[in-house]
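For reference, the chains in residue letters:
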Amino acid sequence: MENLWNDTEAGKHQGYLAERVYTSRLLGANPDLVLHGGGNTSVKGVWKNIFGEDEETLYVKGSGSDLATIELKDFVPVRLEDMLKLSRLERLPDTEMARELRLATLDPAAPAPSVEAILHALIPHRFVDHTHADAIVTITNTAAGEARIREIYGDEVIVLPYVMPGFDLARLCAEAFPAQATPRTIGMVLMNHGIFSFGDSAKQSYDRMIELVGRAGDYLNRNAQIAPATNIEASADWVALAALRKKVSAAAGFPMLLRTCASGAALAFARHPEAASISQRGPATPDHVIRTKRVPMFGREVDAYARAYVQYFERNSKPARQPLTMLDPAPRVIVDTEFGLVTAGRSARETRIAEDIYSHTMDIILRGEALGGYQALGEADLFNMEYWDLEQAKLKKAGAPKAFAGEVALVTGAASGIGKACVQSFLNRGAAVVAVDISADVESLYGMREDYLGIIADLTSPEAIRGMLEQTLRHFGGLDMLVLNAGVFPGGKKIDALSDEEWHRVMAVNLDSNLTLLRETHPLLKAAPKYGRVVVIGSKNVPAPGPGAAAYSASKAALTQLARVAALEWGADAIRINLVHPNAVFDTGIWTPEVLAQRAAHYGMTVDEYKRNNVLREEVTSKDVAELTAEMCGELFAKITGAQIPIDGGNDRVI
Ligand code: ZN
């Protein structure tokens, strides 16, 4: 295991708190140690109170932060003495513990301290590091796990059996630490959970973590060789993903995104002769159960999976002290021989986190098998983690999801103008957005946002459309909303000067490509969990054409007619298609300040008068059109199809 300590970098972090931040990030930078908010770290120091007195203080990672990106403000100062006093209580239920941790916090603006705060306080070393390292959870999730850990480390680590994180674990540590610790002890292994290291300096504690986990890794390399992943090519029917997504969403009771990973490793795992059995043995460490559910679904029998989940809930919730609210019974991880690894979530971020976690889990399971048999915690322990009081409290606190959470919108012509504004309006409403444009700008429009996929495509090519839809399916699992916006507006030309080439080019982009798009997306829209919605960006030229725009006006009029027929044909599939007819939207690429000034002068107006040259004297912006477009995909328009809405500030020829 690589030690990432760098003297030059470390030198930039002066003082124990800055050092604490530095090595916490080093841990977070290694996904074999820490994944997505897993693990925690602390340092013991002092806090100067308002009276100028030094208080003995534990600075511990606050909940909700990630070690990879942790900052000073993410460490919560708590009174060390209070932590030690709490550890001497006979019992302390989780919700009361959370309250007491809050009360012991010295800064009211700080986040909630980690539930492992008391445990950190009890360890009699200044720096404490905790990870759920893959190598450790692999070994501790096998039948002879404890014996192997003792064989690897001797008295250099204390070994604790599995106990839920929180007060009971702290109590266990309070007893075990003095009983097992020797002058050689530098760490502590928690069975089926992870590892602690500690030391007098940030470097010592970090070095020990790397050293200890490295030894477990070497042990696995000697005793649990697995074949490297082969280069299996996926040849899946990606359209079938949309049907799977519909079933998963139905089981959940709300729309979910699906993300696929058809890597060689994922496909090899899914096609492993024992995959149906080894995938059902539970997560590697209990904090994964929240993100991946207790076990993945193997294959595509969503109803059977959901039924089994309800039974699991009923079996385990009966002895509970208070009634528990059942989580939705939909799978979060699906192991499929054709798709590879599929993850489900309410947002693109959730699907990616589940994918990262299960990618590590597959490796852990295979190595555990090679080591004599992967054996996760029992059902009851996992259930207690999944239905932990503190997790249920978190769920209650979470607000209502956004209007389009778990849904996918595809916008064409998305790199500029109305299309670009539509992307923003759909992202704001919680949708994952596929933005398509012929311009390369579309790829980087929203940086590395996980809920945004920019695709460069020439929509006059049916192959390009099919390729783009495959990417959409592989990223997000389906398509719910389609905005047909891409179009060209050639310079004004009277019919007597209009060439066949120009006519055909305008028709190819504004009309023909939209027929292909509608035809190819129909099966996806039909499989959308809340049924598909299409919004076509038409033009004022449809009801009120002007001279010099024959090709454009004819193409938009034909597109309007195409959309009206689609509304008739697809009503039975509950797919809604509506149109907007914008006019005089000037905040787009074609309207440079020079062109605007020229046109305004042509009509003898100022630029402002020209922009507001409509019945309401209001300027219409791209954002106005985009917001209307997004709303037309929402609940307000649930019973409307085939409608044409002008958005033009009122036009006397249209009214
Ligand atoms: Zn932990």
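None of the values given here were measured: they were computed from a predicted structure.

**Student:** Help me understand the sheet that holds strand β9 (residues 297-298), please; the structure alone is not making it clear to me.
**Tutor:** Backbone-to-backbone hydrogen bonds join strands into a sheet, with any given pair of strands oriented parallel or antiparallel. Spatially, four strands are ordered β8-β11-β10-β9 in an open sheet, and the strand pairing comes out mixed. Across the chains shown, the open sheet's two edge strands, defined by having one partner strand only, are β8 (257-261) and β9. Inspection of the sheet shows β8 paired to strand β11 (residues 340-345) by five bridges, in the antiparallel sense. Across the sheet, Leu257 pairs through a bridge with Gly345, a residue of β11. Sheet contacts for helix α10 (residues 239-252): β8, β9, β10 (333-336) and β11; angle to β8, the most-contacted strand, approximately 135°.

**Student:** Teacher, can you tell me more about the coordination of the zinc ion here?
**Tutor:** Expected angles at a metal are 109.5 degrees for tetrahedral coordination by four donors and either 90 or 180 degrees for octahedral coordination by six donors. Distances from the zinc ion to its protein donors, His130 (NE2), His132 (NE2) and His193 (NE2), fall at 2.1 to 2.2 Å. Donor residues for the zinc ion, ordered by position in the chain, follow H-x1-H-x60-H. Highlighted residues: His132 in the loop between β4 (127-131) and α6 (134-140) and His193 in the loop between β6 (187-190) and β7 (194-199), separated in sequence by 61 residues. Residue His132 is classed as buried on the basis of its relative accessible area of 12%.

**Student:** Looking at this model, I keep getting lost on the state of the cysteines. Mind explaining?
**Tutor:** Put plainly, two cysteines are in a disulfide when a covalent bond ties their sulfur atoms together. Considering all chains together, one arrives at zero disulfides under this definition. Unpaired in this structure, Cys422 has its nearest cysteine sulfur neighbour in Cys633, at a distance of 8.8 Å.

**Student:** Help me out: how do you make sense of the domain arrangement of the chain in this one?
**Tutor:** By a widespread convention, an interface's size corresponds to the accessible area lost as its parts come together. By the assigned domains, the chain splits into domain 1 (7-223), domain 2 (240-395), domain 3 (408-585 + 620-647) and domain 4 (590-619). The distance between the C-alpha centroids of domain 1 and domain 3 comes to 52 Å.

**Student:** Quick question: what am I supposed to make of the pairing of strand β12 (residues 408-412) here?
**Tutor:** On a regular strand, each side chain points to the face opposite its neighbour's, so the side chains alternate between the two faces of the sheet. Taking burial as the measure, the five residues of β12 include five buried ones, the bulk of the element. As judged from the five bridges shared by β12 and strand β13 (residues 432-437), these two strands associate in the parallel manner. What sits directly across from Leu410, in β13, is Val434. Following the backbone out of β12, through helix α18 (residues 417-428) and into the adjacent parallel β13, one traces a crossover that is right-handed.

Scoring rules and cut-offs
Residue indices follow the written sequence of each chain, beginning from 1 at its first position. Local features in this predicted model are restricted to residues whose pLDDT is 70 or higher, and side-chain atom pairs enter the listing and the counts only when it is 80 or higher, whereas totals over whole chains, interfaces and linings include all residues. Only hydrogens and water are set aside when side-chain values are computed; all heavy atoms of the structure are taken into account. When DSSP finds two or more bridges between two strands, those strands count as paired. We count a stretch as a helix when DSSP gives it H or I for four or more residues in a row; a strand needs E for two or more, and each element gets its number in order from the N terminus. Residue contacts are defined here by distance: any two heavy atoms, one from each residue, within 4.5 Å place the two residues in contact. Only the stretch in contact is used when fitting a helix axis, every axis being a line fitted to C-alpha atoms; angles between N-to-C directions are given from 0 to 180 degrees. For Na, K and Ca the donor cutoff is 3.2 Å, while for all other metals N, O and S atoms must lie within 2.8 Å; water is not among the atoms, so some sites may look incomplete. Relative accessibility decides the category of a residue: with a 1.4 Å probe and only protein chains considered, values under 20% of the type maximum give buried, values over 50% give exposed, and everything between is partly exposed. Disulfides are defined as cysteine sulfur pairs within 2.5 Å. Domain ranges listed in this record stem from an automatic or a database domain assignment. A crossover counts as right-handed when, viewed with the strands pointing away from the observer, the path leading from the first strand over the helix to the second turns clockwise.

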